[in-house]
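# Reading the structure
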Amino acid sequence: MRKKVIAGNWKMNKNLGESLSLIKDIKLAMLNISGKVDVIVCPPFTSLETGANLLKESPVKLGAQNMHFEDSGAFTGEISASMLKSVGCEYVILGHSERRTIFNENDEMINKKLKKALSSALKPIFCVGETLEEREANRTEKVIEKQIIEGLAGIPESEMKNIIIAYEPVWAIGTGKTATPAQAEEVHVFIRNLVKRLYSPSVSDNIIIQYGGSVKPDNSKELLNMPNIDGALVGGACLKADSFVEIIKSAC
Ligand code: PEP
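All values reported here derive from a predicted model rather than from experimental measurement.

Cut-offs used in this document
Residues numbered from 1 in each chain as written. Predicted model: local features only at pLDDT ≥ 70, side-chain atom pairs only at ≥ 80, totals over all residues. Heavy atoms only, no water. Buried < 20%, exposed > 50% of the residue type's maximum accessible area, 1.4 Å probe, protein only. Helix = DSSP H or I, 4+ residues; strand = E, 2+ residues; numbered from the N terminus. Pairing = 2+ DSSP bridges. Right-handed = clockwise from strand over helix to strand, strands pointing away. Axes fitted to C-alpha atoms, helices over the stretch in contact; angles between N-to-C directions. Parallel < 35°, antiparallel > 145°, perpendicular 65-115°, else oblique. Left-handed = near helix turned anticlockwise from the far one by under 90°. Contact = heavy atoms within 4.5 Å. Nonpolar A, V, L, I, M, F, W, Y, C, P; charged D, E, K, R; others polar. Near = heavy atom within 4 Å. Polar contact = N/O pair within 3.5 Å; in protein donor to acceptor, adjacent residues only side chain to side chain. Core = buried A, V, L, I, M, F, W, Y, C linked by side-chain atoms within 4.5 Å. Expected span 1.5 Å × (residues − 1).

## A word on the pairing of strand E2 (residues 38-42)
Of all 5 residues in E2, 5 are buried; the element is thus mostly enclosed. The alternating pattern of E2 places Asp38, Ile40 and Cys42 and Val39 and Val41 on opposite faces, both of which are buried. The pairing of strand E1 (residues 5-9) with E2 spans 5 bridges and is parallel. Following the sheet pairing, Asn9 is matched in E2 by Cys42. Inspection of the sheet shows E2 paired to strand E3 (residues 61-64) by 2 bridges, in the parallel sense. Looking at E3, one finds that Val41 is bridged to Leu62. One crossover worth recording links E2 to the parallel E3 by way of helix H2 (residues 48-54), and it is right-handed.

## Describing the packing of helix H10 (residues 217-224) against helix H11 (residues 241-250)
Closest axis-to-axis distance for the H10/H11 pair is 9 Å, and the angle between their directions is 20°. Taken together, H10 and H11 sit at an angle that is classed as roughly parallel. For the crossing formed where H10 meets H11, the hand is right-handed. Along the contact surface, H10 presents Pro217, Ser220, Lys221 and Leu224, while H11 presents Ser243, Glu246, Ile247 and Ser250. Looking at the contact of H10 with H11 residue by residue, the class counts come to 3 nonpolar, 3 polar and 2 charged.

## A word on the site of the ligand
In the neighbourhood of the ligand, 14 residues make up the surrounding shell, with Lys11, Glu168, Gly174, Ser214 and Gly236 lying closest. Contact between the ligand and Asn9: an oxygen atom at 3.3 Å from a side-chain N or O atom of the residue. Note that an oxygen atom of the ligand is positioned 2.8 Å from one of the backbone N or O atoms of Gly235. Looking at the shell around the ligand, its residues break down into 4 nonpolar, 8 polar and 2 charged.

## Digging into unusual backbone geometry
Positive phi, normally seen in glycine, also occurs at Lys11, with a value near 55°. For Asn104, which is not a glycine, the phi torsion comes out positive at approximately 55°. Structurally, Asn104 can be placed in the loop between helix H4 (97-102) and helix H5 (107-119).

## Some details on the nonpolar core
Counting residues in each nonpolar core, the largest one holds 66 residues, and the members touching the most others are Ile6 and Ile191. Element by element, the count of residues in this core is highest for helix H8 (residues 181-198), at 6 residues. The next biggest cluster of nonpolar side chains, apart from the first, holds 12 residues, and it includes Val5, Ile40, Ile93 and Cys127.

## A closer look at H5
The end-to-end C-alpha distance of H5 is 18 Å, a good match for the 18 Å that 13 residues give at a rise of 1.5 Å each. Asp107, Ile110, Asn111, Lys113, Leu114, Lys116, Ala117 and Leu118 are the residues of H5 that are buried. Where H5 is buried, its residues meet helix H3 (81-86), strand E4 (91-94), H4, strand E5 (123-128) and helix H7 (140-151). The opening residue of H5, the one whose side-chain oxygen lies 3.2 Å from the backbone nitrogen of Glu108, is Asn106.

## Describing the side chain of Arg192
Topologically, Arg192 is positioned in helix H8. Residue Arg192 is classed as buried on the basis of its relative accessible area, which comes to 6%. Within the local environment of Arg192, its side chain forms a polar contact with the backbone oxygen of Ile207, the two atoms lying 2.9 Å apart. Those residues in contact with Arg192 that lie beyond four places of it in its chain are Arg2, Ser204, Asp205, Ile207, Ile209, Asn228 and Asp230.

And the structure:
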């Protein structure tokens with residue numbers, strides 16, 4: 001039985017003071033719901049260390065939103081896996097559609113990042129998803145298949161327990177448009193079958209596949225009730241403790 005995992009992607013929001021207060025509120029609310037669902041917060045880099053200190057005695061886990069695949073060197077503005085580990089991160093979001101489209105990340109780079117994260121004992125939340133144009137051209141499965149096959153290339157079965165896949169249709173991110181539970185479930189089933197084909201039935205049965213794209217308190221329950229939707233990657237609605245906690249509760 002897979003446990004639900006709710007992760008909050010804060011994107012480029014919240015300075016240090018604001019981060020402190022949001023983490024404190026989430027931590028407090030979690031006192032009543034811990035154990036039933038795994039919760040991850042992914043604040044900006046500048047709030048990670050403070051976040052880690054605040055979350056020491058809490059079940060809430062910490063993730064970063066990106067990292068470079070090299071260990072160190074002349075990569076101005078970038079951050080490495082070991083830097084994230086050193087401030088207490090357990091997770092890292094990789095392949096987010098904003099990284100793919102705004103920062104030109106391709107499947108090959110994402111594959112390198114996934115491998116570096118895993119070899120550094122960071123658990124990736126590996127994002128995949130199609131654009132509206134791709135969906136309308138009936139290319140959703142082809143697009144997701146390519147992202148997954150190329151993203152996971154060379155990653156052994158033994159590492160698959162450390163990876164979360166997040167299905168995030170690009171047309172639903174930050175737009176207020178959500179995939180219907182049936183639309184999302186259909187792609188989650190496709191992903192689970194693909195993982196079975198690439199690895200094994202047990203990897204496929206156990207892998208967590210989150211849905212992301214305008215998840216809100218008023219649609220989370222229906223989405224999370226679907227048999228193959230194991231959690232949510234939440235953007236906008238994770239920036240307020242109330243709405244994030246409502247989504248967590250709906251996963252319980
Ligand atoms: C995201 O950024 O991963 C996301 C799903 O954003 P939103 O919930 O705002 O659509």
